[in-house]
Amino acid sequence: GSSKRGGFIVFGFIGDLGVLFFVKAACSASPGLATHRYAALCALAPSLAYWPSSLGKEALMIVGIGIATYGIARFFSTGALLWPVAVTAAALGFTGAIRPHIAGIWLAGVFPALLVMFVRNMRTTEKIDRGRRQGMMIIVIVVATIGLVVLSQAAIRYLPSLGDDESITAILEETTRRTEQAGSAIDPPNITNPLNWPYAAVRTLTRPLLFEARGAAQLFTALEMTLLIGLAVVSYRRLMHIPKLVLKVPFVTFAMTTLFVTGRAFSSFGNLGILARQKALVFPFLLLVMCLPALPRRQKHTPPVESQNSSTSPSV
């Protein structure tokens, strides 16, 4: 029969399974990752324990995108084509049936990573191996492009309909208006100027902060985000290494692009409750930032020690 505790156990297990796929993906495709730290953070993060365990779509979503992330990671780490692409396509198809815009965000994050992998494969010395990898890359890009087009069309139908005006700007404005109608209303950042997009993405992903909390539930979420920001400050050398890793490691490129696109897409939300629930889907990538390999410390240059048997000795 119906049971809230039984639902919590079932949905919580499904959500944990999705988080496990995130951890496996990062450990297999991110060299130098602090694996134990990342696994511990994913296991203990309140957002990943609370939101997917509720009766709703989050548990199914996080297991879908977790499996898709694992398939993408295996493609980047092994270069295999058939089963990673098949697993990723099936997982994103399942995710797209529930929330097509999330599946579209995941595919959008793949394209810059494929470019990084393509450049890396160009440096392969053997011509036969280079040609084989380039052919595989072309096939994957074609499949990803077709999938992105299909998911984009589905996402447009999923978003609020405005009749004659179906522009993206109008749709985002309608999304803001609808989400502001419930409680926990906030002022979304200004995204009319593309130069504001990086700030809007970071601001959206780091909400709510302590001064924005209204009530115990928001305060708990704000405390979690404050601890995460504090961990980022302590791990500043890991953050400084991200630009270099984005240009060299395809999985890091994929994760950071997905974070940016998600922050940009969710910046139209005008409700902290809805934002916190949706943000749980990319929370494993937020935790990944704190576990990437740190920037090597600069070694201080020490002058050579003078030989004790000097050719000239002071006069006595």
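In what follows, the structure referred to is the one given above.
Residues numbered from 1 in each chain as written. Predicted model: local features only at pLDDT ≥ 70, side-chain atom pairs only at ≥ 80, totals over all residues. Heavy atoms only, no water.

1. Brief notes about the overall build of the protein chain
Then step 1. Each helix and strand in the protein chain was counted, giving 15 helices and zero strands.
Then step 2. Considering the protein chain as a whole, with its 316 residues, one finds that 44% of them fall into the buried category.
Then step 3. Taken as a whole, the protein chain presents about 17300 Å² of accessible surface, with 66% of it coming from carbon and sulfur. (Helix = DSSP H or I, 4+ residues; strand = E, 2+ residues; numbered from the N terminus. Buried < 20%, exposed > 50% of the residue type's maximum accessible area, 1.4 Å probe, protein only. Areas by Shrake-Rupley, 256 points an atom, 1.4 Å probe, with all protein chains shown as cover.)

2. Looking at helix α14 (residues 272-279)
Then step 1. Inspection of α14 places L272, L275, A276, Q278 and K279 among the buried residues, and these make up the whole buried set.
Then step 2. Packing partners of the buried residues in α14 comprise α4 (58-78), α6 (100-122), α9 (197-205), α10 (216-234), α13 (250-266) and α15 (283-289). (Contact = heavy atoms within 4.5 Å.)

3. Some details on the nonpolar core
Then step 1. The biggest cluster of nonpolar side chains holds 60 residues, and the ones touching the most others in it are Y38, F76, W106, F251, F254, F285 and L288.
Then step 2. Ignoring any residue separated from it by four or fewer positions in sequence, one finds F254 in contact with T69, I72, F76, W106, G109, V110, A113 and F285. (Core = buried A, V, L, I, M, F, W, Y, C linked by side-chain atoms within 4.5 Å.)

4. With respect to the side chain of Q278
Then step 1. Mapped onto the secondary structure, Q278 falls in helix α14.
Then step 2. For Q278, a relative accessible area of 9% puts it in the buried group.
Then step 3. If sequence neighbours within four positions are ignored, Q278 has contacts with E58, R99, H101, I102, F266 and F269.

5. Concerning the layout of surface pockets
Then step 1. As a volume, the second largest pocket reaches approximately 370 Å³.
Then step 2. Contributing to the lining of the second largest pocket are 17 residues, with V202, L205, L259, L286 and V289 lying nearest its centre.
Then step 3. Elements that contribute at least two residues to the lining of the second largest pocket include exactly α9, α10, α13 and α15.
Then step 4. Its residues placed into classes, the lining of the second largest pocket shows 16 nonpolar, one polar and no charged. (1 Å grid on protein atoms, 1.4 Å probe; cavity = no way out; pocket = protein on both sides within 12 Å on 5 of 7 lines; lining within 4 Å. Points joined across faces, edges and corners; volume = space filled by probe spheres on them. Nonpolar A, V, L, I, M, F, W, Y, C, P; charged D, E, K, R; others polar.)

6. Re the packing of α9 against α13
Then step 1. Direction vectors running N to C along α9 and α13 enclose 85°, while the axes themselves pass 8 Å from each other. Regarding the angle of α9 to α13, the classification is roughly perpendicular. Side by side, α9 and α13 meet where W197, P198, A200, A201, T204 and L205 of the first sit next to L259, F260, G263, R264 and F266 of the second. (Axes fitted to C-alpha atoms, helices over the stretch in contact; angles between N-to-C directions. Parallel < 35°, antiparallel > 145°, perpendicular 65-115°, else oblique.)

7. Observations regarding the environment of V116
Then step 1. When you line up the elements, V116 lands in helix α6.
Then step 2. The contact partners of V116, leaving out residues within four places of it in the chain, are V246, L247, K248, V249, P250 and T253.

8. Examining the pattern of salt bridges
Then step 1. In the structure shown here, the tally under the stated rule is two salt bridges.
Then step 2. Residues R277 and E58 are paired through a salt bridge, measuring 2.9 Å at the closest nitrogen-oxygen approach. With R277 in helix α14 and E58 in helix α4, this residue pair connects regions lying 219 residues apart in the sequence.
Then step 3. The class of R277 is partly exposed, set by a relative accessible area of 25%.
Then step 4. The class for E58 is buried, based on a relative accessible area of 2%.
Then step 5. A single salt-bridge network, built from bridges that share partners, covers E58, R99 and R277. (Salt bridge = Lys/Arg side-chain N within 4 Å of Asp/Glu carboxyl O.)

9. Looking at empty space enclosed by the protein
Then step 1. Inspection of the entire model under this criterion finds one cavity of 30 Å³ or more.
Then step 2. Put simply, the largest cavity is a space of about 40 Å³.
Then step 3. If you trace the largest cavity, you find it lined by S47, T221, E224, M225, A276, K279, A280 and F283.
Then step 4. Those elements that provide at least two residues to the lining of the largest cavity are α10 and α14.
Then step 5. Top contributing element to the lining of the largest cavity by residue count: α10, with three residues.

Purely geometric stuff here, so don't read any function into it on its own.
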